[in-house]
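So the chains spell out like this:
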Amino acid sequence: MIAVWAPLLLPFLAAPLARRLADALPPRAAAWMLAGTAAVLAVGTLCSLGLLATAGLLQLPPVAAIGHLSLPWLTAAAPSAPPAAAAAGLVLAALTAQAVRTARRHRLELRAARAALPACPAAADDRHPDTRPRHATMRRARTPQAVLACAHALLQPGEHPLAVLDDERADAFALPGRLRRPGRPGEPGRIVVTSGMLRALTGPERAALIAHERAHLTARHHVFLALAEHAADLHPALRRLRAPLGYHLERWADEVAAARVGDRAVTARAVGRAALAASHSPWPTRPRLVPAAHSGPVPRRVAALLQPRPATTGARLRPAAIALAACLALSTAATLEATADLHHTVEAAQRGTGAER
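In every chain, residue numbers begin from 1 and rise along the written sequence. Totals for whole chains, interfaces and linings use every residue, but because this is a predicted model, local features are given only for residues with pLDDT of at least 70 and side-chain atom pairs only at 80 or more, for both listing and counting. To get the side-chain values, take all heavy atoms of the structure and skip hydrogens and water.

**Student:** How would you summarise a nonpolar patch on the surface if you had to cite specific residues and measurements?
**Tutor:** Patch construction takes residues with relative accessible area above 30% that form no salt bridge. Like charges are linked within 9 Å, and nonpolar side chains (Val, Leu, Ile, Met, Phe, Trp, Tyr) are linked within 5 Å. Residue-level accessible areas treat just the shown protein chains as cover; the underlying method is Shrake-Rupley with a 1.4 Å probe. Any Lys or Arg side-chain nitrogen located within 4 Å of an Asp or Glu carboxyl oxygen qualifies as a salt bridge. A contiguous nonpolar surface patch, about 350 Å² in accessible area, is contributed by W5, L9 and F12. The helix count covers DSSP runs of H or I at least four residues long, the strand count covers runs of E at least two residues long, and both are numbered beginning at the N terminus. For W5, the position within the fold is in the segment before α1 (6–9). Each residue is placed in one exposure class: buried if its accessible area under a 1.4 Å probe, protein chains only, is under 20% of its type's maximum, exposed if it is over 50%, and partly exposed if it falls in between. Residue classification places W5 among the partly exposed positions, given a relative accessible area of 43%.

If you want it as structure tokens, here you go:
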């Protein structure tokens, strides 16, 4: 059962490698790589702790009797299993409690954010037959009614609804939808923006802001963030992946917004001015799980939009990629080997019972 410890130790090596590799990848690829790394290592951690706890449970007389296992054989084969199992059980209980708290906090924050919004508006194409961006009109929009009408004009038919809150405090974020369940209708994701944020930007910058938030909803970036949160709860080394993942998700949305509006400089100004407006008068009730255009290291994002780096050659990426792939493969293989070892131990203990008889 030596292999069972590898998935608990490898995250300390794999997490720095993933961070280093992400900085050399395009934003979308970096986000998927970080999320996949966190998922594989988190699952390996859970499996290892579960296997350690199970190995100790097998040496309890009631469990051994149910499984027809030879308790003397198990005790002689793995004398250190009970202490390790006790420690693994305590850690699993703590991790379960932490995961429940995190999931409950996310649910309550999202519920509160949805409750603070007005009723879901009609589709954009129902409000404006011509839904092409109206930048000239947006420049002249100053009253709340004009800002709301022009903001809806930026939406294309069938896109996520827009909720404009009449609030002088500046904020904008992508609020994920709610799945349909028995007895409860579903709810689409919504782009939430305050009138204070809209008035802080020019027409083209508003278009870039809304395109950025739309990109978050379309790619379901909240799922990436939730995965990173739970992975960080499972292993301390995986906490180092949360901030890089958040940054690359924002960069992913930045690139989508820049392609949509057709101007990287406008998108960079929108990100910078949105962050400046939000820092002066932040909206305090934004859930921590939802992504926002003005979050993360804004100067670094603006610099990336204004001066995109040349593509990194495969030769420079290869060593870090190979090392990270080796860590993930070793973690997976060690988990499978530890599972097979436990299975063989159970079979041998059952044969030991037969020999005693």
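**Student:** Break down empty space enclosed by the protein for me, citing the residues and quoting the values.
**Tutor:** Any residue with an atom within 4 Å of a point lines the site, the site being either a cavity, points on a 1 Å grid over the protein atoms alone where a 1.4 Å probe fits but cannot get out, or a pocket, an open set with protein on both sides within 12 Å along at least 5 of 7 lines. Grid points are joined across faces, edges and corners, and a volume is the space filled by probe spheres set on the points. Taken as a whole and judged by the stated rule, the model has 1 cavity of 30 Å³ or more. What lines the largest cavity is simply A208, L209, H212, A257, T267, A270, V271 and A293. Elements with a minimum of two residues in the lining of the largest cavity: α11 (203–218) and α14 (264–280).

**Student:** How would you explain the packing of aromatic side chains if you had to name every residue and give the values?
**Tutor:** We call Phe, Tyr and Trp rings a pair once their centres come within 6.5 Å, taking the six-membered ring for Trp, and we label the pair stacked below 30 degrees between planes, edge-to-face above 60, and tilted otherwise. Taken as a whole and assessed by the stated rule, the structure comprises 2 aromatic pairs. An angle of 75° between the planes, with centres 4.9 Å apart, marks the rings of W32 and F224 as edge-to-face. One end of the pair, W32, is in helix α3 (residues 27–57); the other, F224, is in helix α12 (residues 221–234), with 192 residues separating them in the sequence. Looking at F224, the relative accessible area reads 7%, which means it is buried. Between F224 and W252 the ring centres are 5.9 Å apart and the planes differ by 85°, which places this aromatic pair in the edge-to-face class. You can see F224 sitting in helix α12 and its partner W252 sitting in helix α13 (residues 242–261), a full 28 residues away along the chain. One aromatic cluster is present, formed by W32, F224 and W252 through successive ring pairs.

**Student:** Quick rundown of the pattern of salt bridges? Include the residues and the values.
**Tutor:** This model, assessed by the stated rule, comprises 11 salt bridges. The partner of D254 in a salt bridge is R301, with the nearest N and O atoms 2.8 Å apart. In this pair, D254 is assigned in helix α13 and R301 in helix α15 (residues 298–306), connecting sequence segments 47 residues apart. For the pair formed by D254 and R301, the shared burial category is buried. Salt bridges sharing common partners tie together R105, E229 and R242.

**Student:** Could you give me a rundown of unusual backbone geometry, with the residues and numbers involved?
**Tutor:** Of note in this structure, H68 is not a glycine but carries a positive phi near 55°. Residue position: H68 is located in the loop between α4 (61–66) and α5 (71–77). A positive phi angle is found at R220, which is not glycine, with a value near 55°. Structurally, R220 can be placed in the loop between α11 and α12. On the accessibility criterion, R220 (44% relative accessible area) is partly exposed.

**Student:** Any details on the packing of α13 against α15? Residues and values, ideally.
**Tutor:** Fitted lines through C-alpha atoms serve as axes, helices being fitted only where they are in contact, and the angles separating the N-to-C directions of these axes extend from 0 to 180 degrees. Contact pair α13 / α15: the axes reach a minimum separation of 11 Å and the direction vectors enclose 40°. Considering only the axes of α13 and α15, their crossing is right-handed. Facing α13, whose interface residues are Y247, E250, R251, D254, E255 and A258, α15 presents R300, R301, A304 and L305. Taken together, the residues of the contact of α13 with α15 break down into 4 nonpolar, no polar and 6 charged. Less than a right angle of anticlockwise turn of the near helix away from the far helix marks a crossing as left-handed, whereas a clockwise turn marks it as right-handed. Throughout, a residue-residue contact means that at least one pair of heavy atoms, one from each residue, lies within 4.5 Å. Under the scheme applied, nonpolar residues are Ala, Val, Leu, Ile, Met, Phe, Trp, Tyr, Cys and Pro; charged residues are Asp, Glu, Lys and Arg; polar residues are all the others, including Gly.

**Student:** Can you explain the sheet that holds strand β2 (residues 172–175)? Please cite residues and give values.
**Tutor:** Note on pairing: two strands pair once DSSP finds at least 2 bridges between them. Pairing within the open sheet is mixed, and its 3 strands lie in the order β1-β3-β2. Since the sheet does not close on itself, it has two edges, and those belong to β1 (162–165) and β2, each with one partner. Geometrically, the sheet is characterised by an average inter-axis angle of 20° between neighbouring strands, direction not taken into account. Two strands pair when backbone bridges link them, and β1 and strand β3 (residues 190–194) are joined in this way by 4 bridges, in the parallel orientation.

**Student:** Give me helix α2 (residues 11–22): which residues, what numbers.
**Tutor:** For α2, spanning 12 residues, the distance from its first C-alpha to its last is 16 Å, which sits close to the expected 16 Å at 1.5 Å a residue. Those residues of α2 that sit buried are P11, A14, A15, L17, A18, L21 and A22. Working rule for helices: expected span equals 1.5 Å times residues minus one.

**Student:** So what about the layout of surface pockets? Which residues, and what values?
**Tutor:** By volume, the largest pocket amounts to about 660 Å³. Elements represented by at least two residues in the lining of the largest pocket include exactly α6 (81–115) and α12. The greatest single-element share of the lining of the largest pocket, amounting to 6 residues, is contributed by α6. Each residue belonging to the lining of the largest pocket can be placed in one class, and the counts come to 9 nonpolar, 6 polar and 8 charged.

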